[in-house]
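# Results of the structural survey
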Amino acid sequence: MLSTPRLILRPYEVEDLQSYMSMIAEPEVFRFLAGRPLNEKEAWSRLLMYMGHWSAYGYGFFAVFDRATGDYLGETGLAQFRRGIGSAFDDLDEAGWVFTRRAHGRGIAYEAASAVHVWYEQRWPKPTYCLVPAENPPSFRLADKLGYRKREDIQVMDDVTLMERDHS
């Protein structure tokens with residue numbers, strides 16, 4: 001578990017399914033996540049993948065909660081997604097973040113992702129990367145603030161930008 005002045009971050013639990021489903025049903029969220037709302041089976045599979053990642057690697061995605069209210073605000077973390085984007089990235093972890101509409105514009109994503117990156121780098125000091133949808137300027141700003149830089153020489157997927165971060 002991690003905490004910041006406004007947030008509590010912890011690995012996902014089975015009981016988080018409904019909160020997660022509420023977030024990914026928001027149009028502002030799912031258009032960048034999957035391009036469509038996930039159904040319950042897909043959301044459940046994703047939650048189980050997140051929980052299993054913690055068991056396999058000792059790190060993963062954190063569920064983020066408002067310290068004052070206990071409200072679920074989103075997720076952030078680093079994981080081995082094995083997307084097959086090239087040998088330079090096969091052993092690197094991918095950073096990611098998704099937050100509810102009510103968390104947008106409040107600095108919540110940066111506060112949470114920054115805390116996770118500090119925690120991660122103390123244990124696994126290696127470069128990481130993130131994939132940012134081309135149509136998501138707030139995510140680009142967050143990646144930049146976290147120290148990620150655009151890779152000009154690689155095309156990963158249509159409308160997605162690969163950004164790298166050196167841990168040093």
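Here we summarise the structure given alongside this text. (Residues numbered from 1 in each chain as written. Predicted model: local features only at pLDDT ≥ 70, side-chain atom pairs only at ≥ 80, totals over all residues. Heavy atoms only, no water.)

Looking now at the pairing of strand β5 (residues 93-99). Put simply, side chains in a regular strand alternate between the two faces of the sheet. Here β5 lies mainly inside the structure; 7 of its 7 residues are buried. Burial of the side chains of β5 extends over both faces: Asp-93, Ala-95, Trp-97 and Phe-99 are buried on one face and Glu-94, Gly-96 and Val-98 on the other. Inspection of the sheet shows β5 paired to strand β6 (residues 128-133) by 3 bridges, in the parallel sense. Across the sheet, the residue bridging to Glu-94 is Tyr-129, located in β6. Traced from β5 through helix α4 (residues 108-123) to β6, the parallel crossover comes out right-handed. (Buried < 20%, exposed > 50% of the residue type's maximum accessible area, 1.4 Å probe, protein only. Helix = DSSP H or I, 4+ residues; strand = E, 2+ residues; numbered from the N terminus. Pairing = 2+ DSSP bridges. Right-handed = clockwise from strand over helix to strand, strands pointing away.)

Turning next to the packing of aromatic side chains. Evaluation of the coordinates by the stated rule reveals 16 aromatic pairs. Residues Trp-54 and Trp-119 carry aromatic rings whose centres are separated by 5.8 Å and whose planes lie at 45° to one another, so their mutual orientation is tilted. Taken together, the positions of Trp-54 in helix α3 (residues 40-57) and Trp-119 in helix α4 put the pair 65 residues apart, joining distant regions of the chain. Aromatic pair Tyr-57 and Tyr-59: ring centres 5.8 Å apart, planes at 55°, arrangement tilted. Through pairs of rings, three or more aromatic residues link up here, namely Tyr-12, Tyr-20, Tyr-50, Phe-61, Phe-65, Tyr-72 and Phe-81. The residue whose ring lies beneath Lys-145 is Tyr-110, and the NZ or CZ to ring-centre distance is 4.3 Å. (Phe/Tyr/Trp six-rings, centres within 6.5 Å; stacked < 30°, edge-to-face > 60°. Lys NZ or Arg CZ within 6 Å of the ring centre and 35° of its normal.)

Phi at Arg-82 takes a positive value of approximately 45°, unusual for a residue other than glycine. By secondary structure assignment, the location of Arg-82 is in the loop between β4 (72-79) and β5. Judged by relative accessible area, Arg-82 falls into the exposed class, the value being 55%.

Grouped together as the largest cluster of nonpolar side chains are 26 residues, with contacts concentrated most on Leu-9, Trp-97, Cys-130 and Tyr-148. Within the residue set of this core, elements represented by two or more residues are β2 (7-11), β3 (61-66), β4, β5, α4, β6 and α5 (137-145). Ranked by residues supplied to this core, first place goes to α4 with 6 residues. Beyond its immediate chain neighbours, meaning those up to four positions away, Trp-97 contacts Phe-61, Glu-75, Thr-76, Cys-130, Ser-139, Leu-142, Ala-143 and Leu-146. One finds Met-23, Ile-24, Met-51 and Ala-63 within the second-largest nonpolar core, a separate group that totals 18 residues. (Core = buried A, V, L, I, M, F, W, Y, C linked by side-chain atoms within 4.5 Å. Contact = heavy atoms within 4.5 Å.)

Another point: the environment of Leu-38. Locating Leu-38 in the fold gives a position in the loop between α2 (27-33) and α3. On a C-alpha basis, the gap between Leu-38 and Ile-24 in space is 6.9 Å, while along the polypeptide they are 14 residues apart.

On the surface, a cluster of nonpolar side chains totalling about 250 Å² of accessible area is made up of Val-14, Trp-44 and Leu-48. Looking at the secondary structure, you find Val-14 in the loop between β2 and α1 (17-24). (Patch = residues over 30% accessible without salt bridge, like charges linked within 9 Å, V, L, I, M, F, W, Y side chains within 5 Å. Areas by Shrake-Rupley, 256 points an atom, 1.4 Å probe, with all protein chains shown as cover. Salt bridge = Lys/Arg side-chain N within 4 Å of Asp/Glu carboxyl O.)

Okay, α5 next. Of all the residues in α5, the buried ones are Ser-139, Leu-142 and Ala-143. Within α5, the buried residues cover an arc of 100° as seen down the axis, which keeps them to one side. Facing away from the buried surface of α5 by more than 90 degrees, the exposed residues are Arg-141 and Lys-145. Backbone geometry just after α5 places Gly-147 at a positive phi near 100°. (Arc of directions from axis to C-beta.)

Here the focus is the environment of Trp-97. Within the secondary structure, Trp-97 sits in strand β5. Residue Trp-97 is classed as buried on the basis of its relative accessible area of 14%. C-alpha of Trp-97 to C-alpha of Ala-143: the two residues are 46 residues apart in sequence and 9.7 Å apart in space. Within polar-contact distance, the side chain of Trp-97 engages the side chain of Ser-139 at 2.7 Å. (Polar contact = N/O pair within 3.5 Å; in protein donor to acceptor, adjacent residues only side chain to side chain.)

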